[in-house]
2 protein chains.
Amino acid sequence: MPPDAEPPRHGPLEERRFVARPLSVQDAIRRDIIAGVLTPGARVTEASLAQRYDVSRVPVREALRGLASEGFIDSRPHVGSRVAAIPVHDADDLFAVREALEVATARGAARRAAALYSGDESPADWWRLRREIAALLDAGDAHVADGDLDPLVAINDQIHIAIAELSGSATLTRLLRQLSWKIEWLYAADVQSRGKRLWPEHRVLVGAIDAGDGERAAALMAAHVRESRIGYLLRHDVTTPSADPAVAAEVARRRSADG
Amino acid sequence: MPPDAEPPRHGPLEERRFVARPLSVQDAIRRDIIAGVLTPGARVTEASLAQRYDVSRVPVREALRGLASEGFIDSRPHVGSRVAAIPVHDADDLFAVREALEVATARGAARRAAALYSGDESPADWWRLRREIAALLDAGDAHVADGDLDPLVAINDQIHIAIAELSGSATLTRLLRQLSWKIEWLYAADVQSRGKRLWPEHRVLVGAIDAGDGERAAALMAAHVRESRIGYLLRHDVTTPSADPAVAAEVARRRSADG
DNA sequence: GGAGGAACGATTGCATACGATCGGCGTCCG
DNA sequence: CGGACGCCGATCGTATGCAATCGTTCCTCC
């Protein structure tokens, strides 16, 4: 089924509802913060941002409030707002929570796939998400083949978010999205991630979801996120490797092995 | 030291910065949603809320945007907003993620306590939070002694949030706060929680944090949250008890034991 | 009688304007 | 010479007004 068959049918309604919102001011500011255009500690007044993004103070104000509740902005009433500090010392904990989040979403997605095949449920947007994941997998493969690894981190995040949406839990999806932004911020701040080795795991994971094997999907996701966590800790030498003893041991082992 | 000695000194600056913001519109609406005053599915227009809380449309608008990003409001552009559905089918996953979150914050709080005693760090508001926890523990004890268990769930949440702040991770604290609101919503929606049995565990947990024993604090918190999760699942008979096999087995065991 | 289209009401999105509050700095008094 | 008081610029918080968009309803035509 071609992916462009259904969208023009319902038109802009379903379109705006779910996928392609026209990049709100909040998204634009967040993107600039993550990309490093707005550096931590920088003063951002409503007026300056309004001029920067060519809108009035009102949307900027709403965006700032949202970004403050997401932790990208530190705001003090009647004083001003600043770009928050990158949570580098939280990195390991962020990965630990991400593991729990993603294990739950992977298991939920597989469970929902099983329910779908047995006819218990008929989720409307399941197939749309499934096709989106397929497209993302193909796009990632193409980038890997071309040796262009930079877009991989963004595609990786989109796949994981799509799997979360596949699980049907809006709450978990929302939390994971916030966490992904933070981890992306961590990656972008220091060093470009090289996710080539972890990339092939995605297809195996999606296969387990399609098969409806919840436990296998959960185990694969746990290993996948844990590898990502170990990789981050290996690239950033921190004093305390990890709070999780198993992760810390693995980091120490590889560090001594690789020299 | 009486707790009302310092606030009038620096006045409203430090006051507003951290603790007692004058209950914003967003907090008021969220409170009403959790309390069931605004029921899921109810239409909420900016104008009606503005009249209800006696403010203009602009603060209502900001509050709605924030609540939408928190998942309490479903908003569609140019159409309107509705109170979101209570995430009952996510309950078990929410507890699983909460366990990971709270284990990380408990471990972090204990680690920070150890660093404090060894003189490595000197956190300014550590003692303030520690006193706040002590006051909350005493208040909870008083309620338990009086047999007034209703405020216990709120006090419980405040203790857990304070422990998260003690860990020093703003990101984890923010995620936990959002999760706590959702779980509180779950509890308030169906049945009043009876947390008397779990209450004494708090002092043991805080003791482990004070001792700087990170692993013990983490283990205690994991058991504490898991008990809470099992209790919820026991009170709400769901078809699939839990995604975690150990939790599911324990729920089944107690259910057959209690009849 | 049914289907397509246009106009209307309702609601949000944004811009502008004004009032309230805070931090900084000069000045005055002890 | 040091500290406290008061003024002032800066910034936020809120209110009001207008334009854009969506869902609906009614009208017309087939």
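Please refer to the structure placed before this passage.
Here the structure is a predicted model, which means the values were calculated and not measured. (Residues numbered from 1 in each chain as written. Chains lettered and ligands numbered in written order. Predicted model: local features only at pLDDT ≥ 70, side-chain atom pairs only at ≥ 80, totals over all residues. Heavy atoms only, no water.)

A. Looking closely at the overall build of chain A. Within chain A, the regular secondary structure consists of 12 helices and three strands. When the 259 residues of chain A are sorted by exposure, 46% land in the buried category. For chain A, the proportion of contacts with a sequence separation of at least 24, taken over those separated by at least 6, is 67%. Surface accessibility of chain A: about 12600 Å² in total, with carbon and sulfur atoms responsible for 54%. (Helix = DSSP H or I, 4+ residues; strand = E, 2+ residues; numbered from the N terminus. Buried < 20%, exposed > 50% of the residue type's maximum accessible area, 1.4 Å probe, protein only. Contact = heavy atoms within 4.5 Å. Areas by Shrake-Rupley, 256 points an atom, 1.4 Å probe, with all protein chains shown as cover.)

B. Up close: the environment of A:D92. All names here are of chain A. Mapped onto the secondary structure, D92 falls in helix α6 (residues 91-117). Judged by its relative accessible area of 11%, D92 is buried. In this structure the C-alpha to C-alpha distance between D92 and D244, which are 152 residues apart in sequence, comes to 8.7 Å.

C. Region of interest: helix α7 (residues 126-146) of chain A. Residue and element names in this part refer to chain A. With 21 residues, α7 should cover 30 Å at 1.5 Å per step; its first-to-last C-alpha distance of 30 Å lies within 8% of that length. Buried residues of α7: W126, L129, R130, I133, L136, L137 and G140, and no others. Projected onto a plane normal to the axis of α7, the buried residues spread over an arc of 120° and lie on a single side. In α7, the exposed positions that point more than 90 degrees away from the buried face belong to A145 and D146. (Expected span 1.5 Å × (residues − 1). Arc of directions from axis to C-beta.)

D. How the structure looks around the pairing of strand β3 (residues 80-83) of chain A. All names here are of chain A. Along β3, the buried face is formed by S81 and V83; none of G80 and R82, which line the opposite face, is buried. Relative to β3, strand β2 (residues 73-76) runs antiparallel, the two sharing four bridges. Note that in β3 the partner of D74 across the bridge is R82. (Pairing = 2+ DSSP bridges.)

E. Quick look at the sheet that holds strand β2 (residues 73-76) of chain B. All names here are of chain B. Taken together, three strands build an open sheet; the order of strands is β1-β3-β2 and the sheet is antiparallel. In this open sheet, the two edge strands, each paired with only one partner strand, are β1 (43-44) and β2. Pairing analysis gives two bridges linking β1 to strand β3 (residues 80-83), with the strands arranged antiparallel. Its bridge partner lying in β3, R43 is registered against R82.

F. Structural context of the environment of A:E99. Residue and element names in this part refer to chain A. Among the secondary structure elements, E99 is positioned in helix α6. Here E99 falls in the buried class, since its relative accessible area comes to 14%. Along the backbone, E99 and A222 are 123 residues apart, and their C-alpha atoms lie at a distance of 5.8 Å. In this view, E99 contacts A222, V225, R226 and R229; residues no more than four positions away in its chain are not counted.

G. Focus on the relation of the copies chain B and chain A. Of the transformation placing chain B onto chain A, the axial shift is 0.0 Å and the rotation is 180°, giving an RMSD of 0.1 Å. On the angle and the small slide along the axis, the relation comes out as a two-fold axis. (Least-squares fit on C-alpha atoms with pLDDT ≥ 70 in both.)

H. Focus on the sheet that holds strand β1 (residues 43-44) of chain A. Read across the open sheet, the three strands follow the order β1-β3-β2 (chain A); overall the sheet is antiparallel. Only two strands of the sheet have a single neighbouring strand rather than two, namely β1 and β2 of chain A.

I. Local environment of the interface of chain B and chain A. Tallying the contact residues gives 38 residues for chain B and 38 residues for chain A. Across the chain B to chain A interface the summed buried area is about 3300 Å²; carbon plus sulfur atoms make up 54%. Looking only at chain B, the three residues that lose the most surface to chain A are B:E62, B:R65 and B:L175, adding up to 17% of its buried area. Applying the counting criterion to the chain B and chain A interface returns four salt bridges. Element by element, the count of residues in the side of chain B that touches chain A is highest for helix α6 (residues 91-117) of chain B, at nine residues. (Buried area = accessible area lost by both parts, 1.4 Å probe. Salt bridge = Lys/Arg side-chain N within 4 Å of Asp/Glu carboxyl O.)

J. Broad picture of unusual backbone geometry. Residues and elements named next belong to chain A. Not every positive phi belongs to a glycine, and D54 is a case in point at roughly 60°. Within the fold, D54 resides in the loop between α4 (46-53) and α5 (57-70). Of note, the phi angle at H78 is positive, near 65°, even though the residue is not glycine. Residue placement: H78 occurs in the loop between β2 and β3. Residue H78 is classed as exposed on the basis of its relative accessible area, which comes to 85%.

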